[in-house]
Amino acid sequence: MILLTGGSACGKSSYAEGLCMAFPGPRYYLAAMRPAGEGGMEKIARHRAMRAGKGFETIERYTGYDHLKLPRRGTALLECICNLTANEMFDERGNITDPVRPVLDGVEALERQCDRLIVITNDVGSGGGDYEPAVREYVRALGEINAALARRASHVYELMCGIPLVLKGELLK
Amino acid sequence: MVLIVGGEGSGKRSFVKSLGYTQADLADGVLDGRPVVFHLERMVFQNPDGIDSLLPELEGKAAVLCNEVGSGVIPVDRDERLGREAVGRLCIQLAQRAGCVVRMVCGIPTVIKGQLP
């Protein structure tokens, strides 16, 4: 697994897609972002335009990746752990579930089904700290998940201004 | 052009002065004849749709300093969200054009692209 982290608009998605193109197909784009709200729709439209013509099969799935069956082995790009964590943690009725195990089980299940798994996350812990308790708990859980994923990953890069900084492994591209 | 990015108070201006620039060379969020511009993020937040028009002049600067604003929980507020995404996208374009990119942490510069002039 290759784990990519970084802040908003630091070039994670386009770098991830470039990595995927270097690996053999089939290529699956696993979209964890719910198409809700104005910001979500804008982001989904931009990412779709970026992937156009690159031979990705898009699979939208917001929770429960441990039950997903990929059609064939190949290269998969999961975007992103921040959305998946929020989806596993908060449901429509306002219930809160510990997201750590569901997210990690989902990623492990994906790893078993593909030759290359590229996972995008976000370093949400490096901002203001004055959040309401549920958001603080989300930030903490995401930090724990990121650390666990980085332990499993062969490569971890932080993207900064579109430049990959190697945190683990060597630079592949 | 050298692009210097880092959090608020991470030492970007002190570092650019160590490269030989003085306070009089530093323009605070405006594009004029001075060789160094800082608070790029403030210029972008004032007009997030105008980042492409900033590029040509920024490219001609000796150094461009920008706060890293993309970390932390993604804001619910649309303007805040679009502003920080515009800063990120502009920095990606500047980094592609820059001869050198420096990331500041705790006052320590790390060259992440190229070499210091």
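Before reading on, note that the structure itself is shown above.
Below is a short write-up of the structure. Since the structure is predicted, the reported quantities are computational estimates derived from the model, not experimental observations.

Quick notes on the overall build of chain B
Right, so step 1: Helix and strand counts for chain B come out as 4 helices and 6 strands.
Right, so step 2: Along chain B, helices (α) and strands (β) appear in the sequence β-α-β-β-α-α-β-α-β-β when read from the amino end.
Right, so step 3: Sorting the 117 residues of chain B into buried and exposed places 45% on the buried side.
Right, so step 4: Accessible surface computed for chain B: about 5600 Å², of which carbon and sulfur atoms make up 50%.
Right, so step 5: Once the 13 positive and 14 negative side-chain charges of chain B are each reduced to a mean point, those two points are 4 Å apart.

Considerations on the interface of chain B and chain A
Right, so step 1: With 22 residues of chain B at the contact, the number on the chain A side is 24 residues.
Right, so step 2: Summed over both partners, the interface of chain B with chain A buries about 1800 Å², with 60% contributed by carbon and sulfur atoms.
Right, so step 3: The largest contributions to the chain B side of the interface with chain A come from Val73, Arg103 and Ile112 of chain B, which together make up 28% of the buried area.
Right, so step 4: One can count 1 salt bridge joining chain B with chain A.
Right, so step 5: Between Arg103 of chain B and Glu158 of chain A there is a salt bridge; the shortest N-O distance is 2.9 Å.
Right, so step 6: For the pair chain B and chain A, the interface holds 4 residue pairs in polar contact (both at pLDDT 80 or more).
Right, so step 7: Looking at the side of chain B that touches chain A, the elements that each hand over two or more residues are strand E1 (2-6), helix H4 (78-97), strand E5 (100-105) and strand E6 (108-114) of chain B.

Overview of the nonpolar core
Residue and element names in this part refer to chain A.
Right, so step 1: Grouped together as the largest cluster of nonpolar side chains are 50 residues, with contacts concentrated most on Leu4, Leu30, Leu78, Ile81, Ile118 and Leu149.
Right, so step 2: With 7 residues, the single largest contributor to this core is helix H5 (residues 133-152).
Right, so step 3: Setting aside chain neighbours within four positions, we find Ile81 in contact with Val103, Val107, Val119, Ile120, Thr121, Leu142, Ile145, Asn146 and Leu149.

Some thoughts on the pairing of strand E4 (residues 75-79) of chain A
Residues and elements named next belong to chain A.
Right, so step 1: Of all 5 residues in E4, 5 are buried; the element is thus mostly enclosed.
Right, so step 2: Across the two faces of E4 the burial is the same, with Thr75, Leu77 and Glu79 and Ala76 and Leu78 all buried.
Right, so step 3: Two elements, strand E2 (residues 27-31) and E4, share 5 bridges in a ladder whose sense is parallel. By the bridge assignment for E4, Tyr29 is matched with Leu77.
Right, so step 4: Note: E4 against strand E5 (residues 116-120), 5 bridges, orientation parallel. In the sheet register, Leu78 faces E5, and the bridge partner there is Val119.

Thoughts on the sheet that holds strand E7 (residues 163-168) of chain A
All names here are of chain A.
Right, so step 1: Taken in spatial order, the 7 strands of this open sheet run E3-E2-E4-E5-E1-E6-E7, and their pairing is mixed. Because the sheet does not close on itself, it has two edges, and the strands there are strand E3 (56-60) and E7. The average angle at which neighbouring strand axes cross in this sheet is 20°, direction not considered.
Right, so step 2: Examined bridge by bridge, strand E6 (residues 155-160) and E7 share 5 bridges and lie antiparallel to one another. Directly across from Tyr157, in E7, lies its bridge partner Val166.

Calculation notes
- Residues numbered from 1 in each chain as written.
- Chains lettered and ligands numbered in written order.
- Predicted model: local features only at pLDDT ≥ 70, side-chain atom pairs only at ≥ 80, totals over all residues.
- Heavy atoms only, no water.
- Helix = DSSP H or I, 4+ residues; strand = E, 2+ residues; numbered from the N terminus.
- Buried < 20%, exposed > 50% of the residue type's maximum accessible area, 1.4 Å probe, protein only.
- Areas by Shrake-Rupley, 256 points an atom, 1.4 Å probe, with all protein chains shown as cover.
- Lys, Arg positive; Asp, Glu negative; His and termini not counted.
- Charge placed at Lys NZ, Arg CZ, Asp CG, Glu CD.
- Contact = heavy atoms within 4.5 Å.
- Buried area = accessible area lost by both parts, 1.4 Å probe.
- Salt bridge = Lys/Arg side-chain N within 4 Å of Asp/Glu carboxyl O.
- Polar contact = N/O pair within 3.5 Å; in protein donor to acceptor, adjacent residues only side chain to side chain.
- Core = buried A, V, L, I, M, F, W, Y, C linked by side-chain atoms within 4.5 Å.
- Pairing = 2+ DSSP bridges.
- Axes fitted to C-alpha atoms, helices over the stretch in contact; angles between N-to-C directions.

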